[in-house]
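So you can see what is in the structure, the chains are spelled out below.
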Amino acid sequence: MRLRQHILILLILVPFAGINAQVLQGKVTDSGGNGLAYASVYITELRQGTTTNKDGLYELIIPIGNYTVNYQFLGYTPVTEKIEITGTEANHDIILTEQYYEIPAVRVSASGKDPAYFIMRKAIGMAPYHLNKVKMYKAEVYIKGGGKIEKLPKMIKRQMKVEANEAQIKEGEYYFTESVNIITFTAPDRYVHKVISSRSNIPSDENQASPMDYLQASFYQPVIADIAISPLAPNAFSHYTFEFMGSTTQGDFVIDKIKVTPRRRSQQLFEGTIFIIEDIWAIHSLDLTNENMAGTIGVKQLFTPVEEGIWLPVSHEFTMNLSLLGIKARGSYSSAVKYLEVEPDWSLSPPSVYGIAATRDEKPGEKTETQKEIERIFSKDELTARDMAKLSKLNEKNVADGAKKESLEIKDLTTYDVAKDALRKDSTYWEEIRPIPLSAEEKQSLPRFVNDSLTLAHRDSSSININLGGRQENTNKGPAGPIIKSLLSGKRWSLSKKTSLSFNGLADLKSASFNTVDGFVIGTGMTFSAKTGKKGRLTLDPSVKYAFSRERLMWNLSANMLYDPMTSGSFFLRAGHYSRDFSSNGVSPFLNTISSLFFRENWMKLYNSTFITAGHRGDLANGLNMSISAMWERREALENTTSFSFFHPDNEYTVNLPDNLLVKGEVEGFNALTSVNHSNVSLTAELSYTPRQRYRIQNGTRINAGSDWPTFRVLYEHGYNYNDTLHGHFDILRAEVSRSSKFAAFSELRWSLSAGGFINGQNLQLQDLHYFNAQASPILLNSYQDAFHLKEYYSLVTPEGFAEAHIMYTTPYLLLKSLPVLSRTLMRENLSADMLWTPHYGFYMEAGYSISEIFFMAEAGIYAGFRDLKYESLGFRFILSFR
């Protein structure tokens, strides 16, 4: 369920104990004496804060001295205390009273609009500034959290027993984790994360929340954690309504309370309250809830000025209440922070906009045109929607003007460093260092720590047992068991540090199929991999299959020599002898097996191919790739050899020949084509170019990572077909441009345009034709981006010129997602159009509407076909994707 991505934004940060330090502790309550959970306690002089625990208790270890301590809680009037820390323990209990927000008459807009729109437009317009206002910070970070599975279905319990090791998650047991970290941030996106200490009694440390997962997220970003739209996104007014609930004064600042309400029920949206600081238009605090199909997630944050005009989060509360598929669970995280260093970037905006004095980096009169325009917009009494959008873009430009030219190399944003003794801290250490007191439930979980330090996840995995009916049985019953298992299901062996061998197993279901030419087919394969030199790698992939009805052994061998991972430079050689699909798009062997055995419809059409091909591919420059290959192939006609089917024994299978106009001889100027035995020699060259291709380097390998530009491709192939009576050359030329771009929130636009044609088309054979990707099955196992869903397999084909275009727009908000039942799901809606043109067929188009990400793995759609702009057909498709 990708639960880790549902954990929206934990901006978590933390304190340390020092020499000559004393304890400041107490309880924060309301006027009725009830403890306020997760209230903020912040010491201005130390830039250090903490939060209270569930009972309202807090505890800070700080040096001796005089301090200004701020106590805050959402919806309550803050209290500031001057406290002297001497050589004895200091106890300070604080009572916070409910804060009242008034709506001043002067705030009533002359236009009659809710003042919230005026406030939020300025806040949204200034979001890019606040997102980039800090050039560097260093903080000590403490985070603690835990959770409990309240209910597990019996079926899942049984499955866990079968797969369990010594450490398994149990129903009703509370699990707890805490850590101390030092986080160093350098703009725009570099983090150094050093783990000082850590402990957890969670059985598995995989997929646990990490501080870095949330430090890199902010409500100033349009989309948070890739799953939810921020109320401060540029398009927030399309997704939210805002209501002004009043304002109050805190020191020199006026704080506005804004109610945030989604325009529709959706798990991509928040609901709750956000507090905005006037004049600087920054977040003061927020209390937001996200409801989704898994449950409810709550986020509370409180910001404090750590430098003049710089407000950063110092208190965070994160809660989860999940209920899905019979599983009920709850969890929470809280954090505390001590900012060691904070370096603002004052050059991003003119000081007069924020009422802040010029810094040493600024000189009067040095404002850019962008900054002057920002000031001009701010001078208006009320901002229009156009002003807001322009202000946001100006601030983005202001940031870009001061930034260095973007490098195309994407480097790892986070560097991790774990202290050698991070997992060896004892109870005494944690009692002294922990800034947030433990709750009673958390204290009860402490005895389950392994050796009071190491996590259960670090236990020796060699002693895995299976629990069957309460008995512990060792799975290693003898040498025959592992051998049989390896033969059936496959296994991977590390032959040395540089070589490995993988066997797919005799029960390799991916190689099992049925068709009317081969009958039942089973097979297996293996992969041998060896490092060569410092960076290269040799890979050999042999495989064999046996066709029972045709009584033929089929085989394939693929060899690849990667000699330069930085340029993807490699030589490849392939050879084989097997039945091959006439179309490169082809029919899924699994779908063809089901349709043949159960419905007596054999879609797949095959010919016998004996071939050898060799070539080279590699980057000529960044984004520019070239591939050259040569192939010899012996092509032989095949006929049906079996009529077996589970049902419909009286029906006849269709002949093993593609069914289209060329085969029928209905294309003017071309004789009817049939599958004849002949040989083919071809030379293919392909050049692709993506301007400003971004990339990352991992383990000495260059990996492409997308671009803001389209990809351009050109393919040329020269072929020669021959036999005793046939001799003919032909040429193919094809050009394509494609692009996939994400914009707004969770929206995406994918498109491709291609055109090409044949020279000497009279010399083509069935295998050489251009087959468009027709996918006729009502159920598909792949979401094709270039498919025509309403045409029979092999029916869309041409030996002449051709053109095709595909476009798809994906969005989480369109038609059906506005319904209450679907609005809380992560499903998205798609609008698509697929078009082609050939001289003999004319113009054909399919327009489609579909819903994707159904249960994260399915898509359902309806498609309408038009021939020469006239309605022709209508159909439904259901697509499953198990990747």
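Conventions we followed
- Residues numbered from 1 in each chain as written.
- Predicted model: local features only at pLDDT ≥ 70, side-chain atom pairs only at ≥ 80, totals over all residues.
- Heavy atoms only, no water.
- Helix = DSSP H or I, 4+ residues; strand = E, 2+ residues; numbered from the N terminus.
- Buried < 20%, exposed > 50% of the residue type's maximum accessible area, 1.4 Å probe, protein only.
- Contact = heavy atoms within 4.5 Å.
- Areas by Shrake-Rupley, 256 points an atom, 1.4 Å probe, with all protein chains shown as cover.
- Salt bridge = Lys/Arg side-chain N within 4 Å of Asp/Glu carboxyl O.
- Pairing = 2+ DSSP bridges.
- Expected span 1.5 Å × (residues − 1).
- Bend = angle between axes of the 7 residues up to and from the residue.
- Polar contact = N/O pair within 3.5 Å; in protein donor to acceptor, adjacent residues only side chain to side chain.
- Phe/Tyr/Trp six-rings, centres within 6.5 Å; stacked < 30°, edge-to-face > 60°.
- Lys NZ or Arg CZ within 6 Å of the ring centre and 35° of its normal.
- pLDDT = per-residue confidence, 0-100.

Colleague: Which parts of the structure should I look at to understand the overall build of the chain?
Modeller: Looking only at helices and strands, the chain features 13 helices and 46 strands. Going through the 883 residues of the chain one by one, you find that 48% of them count as buried. Contacts in the chain between residues far apart in sequence, at least 24 positions, make up 62% of those at least 6 positions apart. When the accessible surface of the chain is totalled, it reaches about 43200 Å², and 56% of it is carbon and sulfur.

Colleague: Sorry, what's going on with the environment of Thr 88 here?
Modeller: By secondary structure assignment, the location of Thr 88 is in the loop between β6 (79-85) and β7 (90-91). Exposure remark for Thr 88: the relative accessible area of 52% places this residue in the exposed category.

Colleague: For this particular structure, what's the right way to read unusual backbone geometry?
Modeller: Of all residues except glycine, most have a negative phi; of all peptide bonds, most are trans. With a phi close to 70°, Tyr 794 is a non-glycine residue in the positive phi region. The exposure class assigned to Tyr 794 is buried, which follows from its relative accessible area of 5%. At Glu 853, a position not held by glycine, the phi torsion is positive, near 60°. As for its placement among the helices and strands, Glu 853 is situated in strand β44 (residues 842-854).

Colleague: Hey, could you run me through the pattern of salt bridges in this one?
Modeller: Close approach of charged atoms lets side chains of opposite charge pair. Inspection of the entire model under this criterion finds 23 salt bridges. Between Lys 425 and Asp 421 there is a salt bridge whose closest N-O contact spans 2.9 Å. Each of Lys 54, Lys 148, Glu 150, Arg 330 and Glu 441 takes part in one network of salt bridges that share partners.

Colleague: Is there a simple way to explain the pairing of β6 in this structure?
Modeller: Along any regular strand the residues' side chains alternate between the sheet's two faces. Bridge count between strand β5 (residues 65-72) and β6: seven bridges; the pairing is antiparallel. Across the sheet, residue Asn 66 finds its bridge partner in β6, namely Glu 84.

Colleague: Honestly, helix α2 (residues 115-131) in this entry has me stumped. Any pointers?
Modeller: For an α-helix the count is 3.6 residues per turn, leaving residues at separations of three or four pointing the same way. Taking 1.5 Å of rise per residue, the 17 residues of α2 would be expected to cover 24 Å, and the 24 Å separating its terminal C-alpha atoms lies within 8% of that figure. Taking the largest bend as the criterion, α2 deviates by roughly 40°, centred on Gly 125, and proline Pro 128 comes between one and four positions later. Counting buried positions along α2 gives 15 out of 17 residues, so the element sits mostly inside the fold. N-cap assignment for α2: the residue whose side-chain oxygen lies 2.8 Å from the backbone N of Ala 116 is Asp 114.

Colleague: What is the right way to read the packing of aromatic side chains from this model?
Modeller: The description of an aromatic ring pair rests on the distance of the ring centres and on the angle between the ring planes. For the structure on display, the rule yields 31 aromatic pairs. Their ring planes at 90° and their centres at 6.2 Å tell us that Phe 772 and Phe 802 sit as a pair that is edge-to-face. Residue Phe 772 is located in the loop between β39 (770-771) and β40 (779-780), and its partner Phe 802 is located in strand β42 (residues 802-811); the two are separated by 30 residues in the primary sequence. Put simply, the rings of Phe 514, Phe 520, Phe 598, Phe 644, Phe 646 and Phe 647 touch in pairs and so form one group of aromatic residues. The ring of Tyr 653 has Arg 600 lying over it, and the distance from NZ or CZ to the ring centre is 4.7 Å.

Colleague: Where do I start with the confidence of the model for the chain in this structure?
Modeller: Keep in mind that low pLDDT regions are not for reading the predicted coordinates in detail. Overall, the prediction assigns the chain a mean pLDDT of 82, with 81% of residues at 70 or greater. In the model, residues 355-365 has pLDDT below 50 throughout and makes 12 contacts with residues more than four positions away in sequence or in other chains.

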